[in-house]
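If you want the building blocks of each chain, they are given just below.
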2 protein chains.
Amino acid sequence: MCQLLGMNCNTPTDILFSFEGFHRRGGLTDHHADGWGIAFFEGRGCRLLLDDRSSVESPVAHLVRHYPIKSQNVIAHIRKATQGRISLANTHPFMREMWGKYWIFAHNGDLKDFAAPAGHFYRPVGDTDSEAAFCLLLERLRQRWSEQPPLDELFAFIETLAREIAAHGTFNFMLSNGDILFAHGSTQLHYIVRQAPFTKAHLVDDDVTVDFASVTTPDDRVAVIATQPLTDDEAWTPFEAGQLMLFRDGTPLVKSAKAPD
Amino acid sequence: MCQLLGMNCNTPTDILFSFEGFHRRGGLTDHHADGWGIAFFEGRGCRLLLDDRSSVESPVAHLVRHYPIKSQNVIAHIRKATQGRISLANTHPFMREMWGKYWIFAHNGDLKDFAAPAGHFYRPVGDTDSEAAFCLLLERLRQRWSEQPPLDELFAFIETLAREIAAHGTFNFMLSNGDILFAHGSTQLHYIVRQAPFTKAHLVDDDVTVDFASVTTPDDRVAVIATQPLTDDEAWTPFEAGQLMLFRDGTPLVKSAKAPD
């Protein structure tokens, strides 16, 4: 199974601590050695780093671990190939432009019998179910609106689309345009919001502890979303099955109602 | 003025030698310190590395210099900001998907009074004339064809569009979809095709010599395109003003006729 990691903050923050544990799941503490990628939004721009090697061996991961890129929105993914060959074109996250902004998407899960028709606006380049689902999401949004709609309408429609696609299988995903971040839990997804008073936290995957009080200001607020909790001494909240959440400035803005059984 | 570098080959080749001289133009041997970027196609996938720091200071450039990524199509750019702030969103190369492939574009020059209308398919994210020109190019291509047309038709239409846009100023550019590479010379662009028998070459910007015979096979063919020749002991061919060229597998396939005066 693939691993997802997302971060949404009210101030540009580096992801070194979370990435330290996360990247070890790519071939060292877990079996996800079929490539990995990470996208950092910086203003309207996006730095997308992809590698089709495992994240513990990757020189790009080495760069990320030693070059503290500060960002308000980050999405990372470690891949365990289920559909589609191991190749750069099939490596998450995927990026497209919509409504004059870059959108980034990463998916964990497996969609069965999922064949999206070729879109008018968006087409996949690789051959994964994940990129096809991303293109379908954007296609339906762009068909409906030629400019970004109010957030409540956007949320409601993405919730509908997510439910439709999730009928094909496991659909844990993250989606961001550098301002807002959507996270959808299908089977496994957890989040935590860190804010003052900051305390210490200890990584599950590595014997590393960070004292957030020493690296933050009292106004900082950081939401971290991950497949499995990254720390073993903080209270992570699991997503309910079929739950969509919208984060902005480190705050969960909207949660969907529990999905119908 | 910005600097462009492109490579198109018949076998995946690393760009370390050319990049060694090229990256020094970003703040050391020349004044282009407003960011840089490089795109490597690997199959249908594309690895796009961007940095809004100068290329001599950039840890991403350090990565490129020490991690020999092999690719058949590469486009790199060092920026001297003329229009648009220094930011990641304004850093070349730019990427979009068209006809189910990624397209990469980088531009050297300055377009005056150039305002492209918001496209149906493509919109700029940043605020440079370059990204606006890229989006206009793709918009007009995508409006005309919903699938990639034969190369001669594609070439003829890109030539028309390039002439239209070049009426606004200097429009040296490179454009690739990972299979073919277009290069358009407006004021300054040079190319060379290296093939057997391979010889030695010496960089203009650095006292480095490479013996291509020792790093190639007799069947290799590599076209390198750059704003200014990168070596001082090879015969680079200058583009004529208004000349468009199409490269595939290291071979110049088509050259436009000399543009009308």
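The structure this text deals with has already been given above.
About the criteria used
Every chain's residues receive numbers from 1 upward, in the order its sequence appears when written. Here the convention is simple: chains get letters from A, ligands get numbers from 1, in the order in which they are written. A pLDDT threshold of at least 70 governs which residues receive local features in this predicted model, and a stricter bar of 80 or more applies before side-chain atom pairs are shown or counted, although totals over entire chains, interfaces and linings include all residues. Hydrogens are left out, water is left out, and the side-chain values use all remaining heavy atoms of the structure. Contacts are assigned to residue pairs that have any heavy atoms within 4.5 Å of one another. A simple way to read buried area is as the amount of 1.4 Å-probe accessible surface that goes missing from two parts once joined, with both sides added. The rule for a salt bridge is simple: a side-chain nitrogen of Lys or Arg has to be within 4 Å of a carboxyl oxygen of Asp or Glu. Pairs of N or O atoms are called polar contacts if they sit within 3.5 Å, as long as, within protein, a hydrogen donor faces a hydrogen acceptor (for residues adjacent in sequence, only side-chain-to-side-chain pairs). A run of H or I in DSSP counts as a helix once it spans at least four residues, and a run of E counts as a strand once it spans at least two, with each numbered from the N terminus. Only Asp, Glu, Lys and Arg are considered charged in this grouping, and only Ala, Val, Leu, Ile, Met, Phe, Trp, Tyr, Cys and Pro are considered nonpolar; every other residue, Gly among them, is considered polar. The buried label goes to any residue with under 20% of its type's maximum accessible area, the exposed label to any with over 50%, and the partly exposed label to all in between, with areas taken from a 1.4 Å probe on protein chains only. Only strands that DSSP links by at least two bridges are regarded as paired with each other. In plain words, nonpolar cores are sets of buried Ala, Val, Leu, Ile, Met, Phe, Trp, Tyr and Cys residues tied together by side-chain atoms within 4.5 Å. Only the stretch in contact is used when fitting a helix axis, every axis being a line fitted to C-alpha atoms; angles between N-to-C directions are given from 0 to 180 degrees. Each angle receives one of four descriptions, namely roughly parallel if under 35 degrees, roughly antiparallel if over 145, roughly perpendicular if within 65 to 115, and oblique otherwise. Take the far helix as your reference; a near helix turned counterclockwise from it by less than a right angle gives a left-handed crossing, and one turned clockwise gives a right-handed crossing. Overlaid copies result from least-squares superposition on C-alpha atoms, with residues included only where pLDDT is at least 70 in both. Stacked, tilted and edge-to-face are the three classes assigned to paired rings of Phe, Tyr and Trp, where Trp is represented by its six-membered ring and a pair needs centres within 6.5 Å; plane angles under 30 degrees give stacked, over 60 edge-to-face, the rest tilted. In this analysis the charged atom, NZ for Lys or CZ for Arg, is taken to sit over a ring once it is within 6 Å of the ring centre and within 35 degrees of the ring normal.

S.K.: Please set out the interface of chain B and chain A residue by residue, giving values where relevant.
M.R.: At the junction of the two partners, chain B supplies 35 residues and chain A supplies 35 residues. Interface of chain B and chain A: buried area, both sides summed, is about 2,900 Å²; carbon and sulfur atoms make up 52% of it. Counting every contact that joins chain B to chain A gives eight salt bridges. Between A:Asp51 and B:Arg47 there is a salt bridge whose closest N-O contact spans 3.8 Å. Scanning the region where chain B abuts chain A turns up 14 residue pairs in polar contact (both at pLDDT 80 or more). Within the residue set of the side of chain B that touches chain A, elements represented by two or more residues are strand E3 (45-51), helix H2 (59-66), strand E5 (94-98), strand E6 (101-108) and helix H3 (129-144) of chain B. Counting residues per element, the side of chain B that touches chain A draws most heavily on E3(B), at seven residues. Residues belonging to the side of chain B that touches chain A are distributed by class as follows: 18 nonpolar, four polar and 13 charged.

S.K.: Let's hear about the pairing of strand E12 (residues 221-226) of chain A: which residues, and what values?
M.R.: Residue and element names in this part refer to chain A. Most of E12 sits out of view: five of its six residues are buried. With six bridges connecting them, strand E9 (residues 190-195) and E12 associate as antiparallel partners. Considered in E12, the bridge of Ile192 is made with Val224.

S.K.: Talk me through the nonpolar core; I want residue IDs and the actual numbers.
M.R.: Ranked by internal contacts, the top residues of the largest apolar core, which has 111 residues, are B:Leu141 and B:Leu154. Once residues within four sequence positions are removed from consideration, B:Leu154 is found in contact with B:Trp99, B:Trp103, B:Leu141, B:Trp145, B:Gln148, B:Pro149, B:Ile180 and B:Phe182.

S.K.: Residues and numbers for the sheet that holds strand E8 (residues 180-185) of chain A, please.
M.R.: All names here are of chain A. A sheet is described by the order of its strands in space; here six strands give the open sequence E5-E6-E7-E8-E14-E15, paired in antiparallel fashion. Every interior strand has two partners, whereas the edge strands, strand E5 (94-98) and strand E15 (251-255), have only one. Neighbouring strand axes in the sheet, compared pairwise and without regard to direction, differ in orientation by 20° on average. Note: strand E14 (residues 243-248) against E15, four bridges, orientation antiparallel. Considered in E15, the bridge of Met245 is made with Lys255.

S.K.: Would you mind going over the packing of H3(B) against helix H4 (residues 151-166) of chain B in detail, with residue names and values included?
M.R.: All names here are of chain B. It is the contact of H3 with H4, at a shortest axis distance of 11 Å, that shows an interaxial angle of 140°. The angle between the axes of H3 and H4 places the two elements in the oblique class. Handedness of the crossing formed by H3 with H4: right-handed. Contact residues: Ala133, Leu136, Leu137, Arg140, Leu141 and Arg144 in H3; Leu154, Phe157, Ile158, Leu161, Glu164 and Ile165 in H4. Of the residues that constitute the contact of H3 with H4, the class distribution is nine nonpolar, no polar and three charged.

S.K.: Would you mind going over the sheet that holds strand E3 (residues 45-51) of chain A in detail, with residue names and values included?
M.R.: All names here are of chain A. Reading across the sheet, the seven strands line up as E3-E2-E4-E1-E12-E9-E13 and stay open at both edges, with antiparallel pairing between neighbours. What marks the edges here is a single partner per strand, and that holds for E3 and strand E13 (237-238). One ladder, built from five bridges, connects strand E1 (residues 3-14) with E12; its direction is antiparallel. Looking across to E12, one finds that Cys9 is bridged to Val222.

S.K.: Requested: an account of the relation of the copies chain B and chain A, with residues and values cited.
M.R.: Structural alignment of chain B on chain A gives an RMSD of 0.0 Å, achieved by rotating through 180° and translating 0.0 Å along the axis. In symmetry terms, the pair is related by a two-fold rotation axis. Within chain B, B:Phe121 has its C-alpha nearest the rotation axis, a separation of 3.1 Å. Interface overlap between copies: 100% of the residues of chain B at the interface are likewise at the interface in chain A, consistent with a symmetric, same-surface contact.

S.K.: I'd like a rundown of the packing of aromatic side chains, residues and numbers included.
M.R.: Scanning the model with the defined rule gives 25 aromatic pairs over all chains in all. When the ring of B:Phe19 is compared with that of B:Trp36, the centres are 5.6 Å apart and the planes differ by 45°; the resulting orientation is tilted. Placement of B:Phe19 in helix H1 (residues 16-22) and of B:Trp36 in strand E2 (residues 36-42) is noted, with a sequence separation of 17 residues between them. In this pair, the class of B:Phe19 matches that of B:Trp36, namely buried. A ring pair is formed by B:Phe121 and B:Tyr122, whose centres lie 6.4 Å apart and whose planes are at 40°; its orientation type is tilted. For the pair formed by B:Phe121 and B:Tyr122, the shared burial category is buried. Here the aromatic cluster, defined as three or more aromatic residues joined through ring pairs, consists of A:Phe105, A:Phe134, A:Phe171 and A:Phe173. Directly above the aromatic system of A:Phe157 lies the positively charged group of A:Arg144, at a separation of 4.2 Å from the ring centroid.

S.K.: Account for the packing of helix H2 (residues 59-66) of chain A against H2(B), with residues named and values stated.
M.R.: Running from N to C, H2(A) and H2(B) cross one another at 155°; their axes reach a closest spacing of 11 Å. By the angle between their directions, the pair H2(A) and H2(B) is classed as roughly antiparallel. In this structure, the crossing between H2(A) and H2(B) has a hand that is right-handed. Between H2(A), through A:Pro59, A:Val60 and A:Leu63, and H2(B), the contact on the second element is made entirely by B:Pro59, B:Val60 and B:Leu63. Taken together, the residues that form the contact of H2(A) with H2(B) break down as six nonpolar, no polar and no charged.

Nothing here speaks to function; it is geometry throughout.
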